Amino acid sequence: MDVYKAAILLIVDEKGTEKDIKPLEEVLERGGIEIIHVSQVPSVRTAISEEVFSLVRRGIDLVVTVGKLGLKSKDVTPEAIDTVLDRRIQGLEMLVLLECMKEFPDMIFSRILVGVTRRTLIMCLPEDMAKTARVMAKILPSLKKAIEELKS
């Protein structure tokens, strides 16, 4: 069984904001995905896209951004990620959205994004770690299948 490498980026209004990412880390690690990078990134388009692209250049298999997907002006994660994507994966986006809507009643106002840059799968998830971890547990088999296809 292959072990995939992942990064988790917490998109925050200001550095130092505490978030317990353990639930998400545990789901990924139980699923055979090694977390090799965790960082906080300010909710600024260029900062987000530069951090993601640096991880893509390192050959990370999966980049998960967490937070800032709503409708407020400071919620710029999808726009930042869209600038680095080679292509979007609408089927995975729909799967993530459907599973998120089961956990998050107001998810209809969120802007889920899943895509690929080079051979890296990139996805944007909501910031409630416990609920996001439950969503990740449900979609992990599909994500791993996508990563396998990207590596082949």
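In case you missed it, the structure is sitting above this.
To keep things clear, this report deals only with the structure shown in the data block.

Parameters and conventions
Residues numbered from 1 in each chain as written. Predicted model: local features only at pLDDT ≥ 70, side-chain atom pairs only at ≥ 80, totals over all residues. Heavy atoms only, no water. Helix = DSSP H or I, 4+ residues; strand = E, 2+ residues; numbered from the N terminus. Buried < 20%, exposed > 50% of the residue type's maximum accessible area, 1.4 Å probe, protein only. Axes fitted to C-alpha atoms, helices over the stretch in contact; angles between N-to-C directions. Parallel < 35°, antiparallel > 145°, perpendicular 65-115°, else oblique. Left-handed = near helix turned anticlockwise from the far one by under 90°. Contact = heavy atoms within 4.5 Å. Nonpolar A, V, L, I, M, F, W, Y, C, P; charged D, E, K, R; others polar. Salt bridge = Lys/Arg side-chain N within 4 Å of Asp/Glu carboxyl O.

Observations regarding unusual backbone geometry
Moving on, step 1. Positive phi, normally seen in glycine, also occurs at K68, with a value near 65°.
Moving on, step 2. For K68, the position within the fold is in the loop between β3 (62-66) and α3 (77-82).
Moving on, step 3. Using a relative accessible area of 10% as the deciding quantity, one classes K68 as buried.
Moving on, step 4. In the Ramachandran plot, R118 falls in the positive-phi region, its phi being about 55° despite a non-glycine side chain.
Moving on, step 5. The class of R118 is partly exposed, set by a relative accessible area of 49%.

Quick word on the packing of helix α1 (residues 22-30) against helix α5 (residues 129-151)
Moving on, step 1. Close contact between α1 and α5 brings their axes to 8 Å; oriented N to C, the two are set at 15°. Judged by the inter-axis angle, α1 sits roughly parallel to α5. Between α1 and α5 lies a crossing of right-handed hand. Residues P23, L24, V27 and L28 of α1 form the contact with α5, whose participating residues are M129, A130, T132, A133, M136, A137 and L140.
Moving on, step 2. Tallied by class, the residues present in the contact of α1 with α5 amount to ten nonpolar, one polar and no charged.

Concerning the pattern of salt bridges
Moving on, step 1. Tallying each qualifying case throughout the model produces eleven salt bridges.
Moving on, step 2. Measuring nitrogen to oxygen at the nearest pair gives 2.4 Å for the salt bridge that ties R111 to E79. Separated by 32 residues along the polypeptide, R111 in the loop between α4 (90-103) and β5 (113-117) and E79 in helix α3 bring together distant segments of the chain.
Moving on, step 3. Judged by relative accessible area, which is 24%, R111 ranks as partly exposed.
Moving on, step 4. Here K138 and E99 are joined by a salt bridge, their closest N and O atoms 3.7 Å apart. One end of the pair, K138, is in helix α5; the other, E99, is in helix α4, with 39 residues separating them in the sequence.
Moving on, step 5. One connected set of salt bridges, linked through shared partners, spans E99, K102, E103, R134 and K138.

Describing the packing of α4 against α5
Moving on, step 1. At a minimum axis separation of 9 Å, α4 and α5 run at an interaxial angle of 160°. Our classification of the angle between α4 and α5 gives roughly antiparallel. As α4 packs across α5, the resulting crossing turns out to be right-handed. Of α5, the residues touching α4 (which contributes L92, L95, V96, E99, C100 and E103) are K131, R134, V135, K138, I139, S142, L143 and A146.

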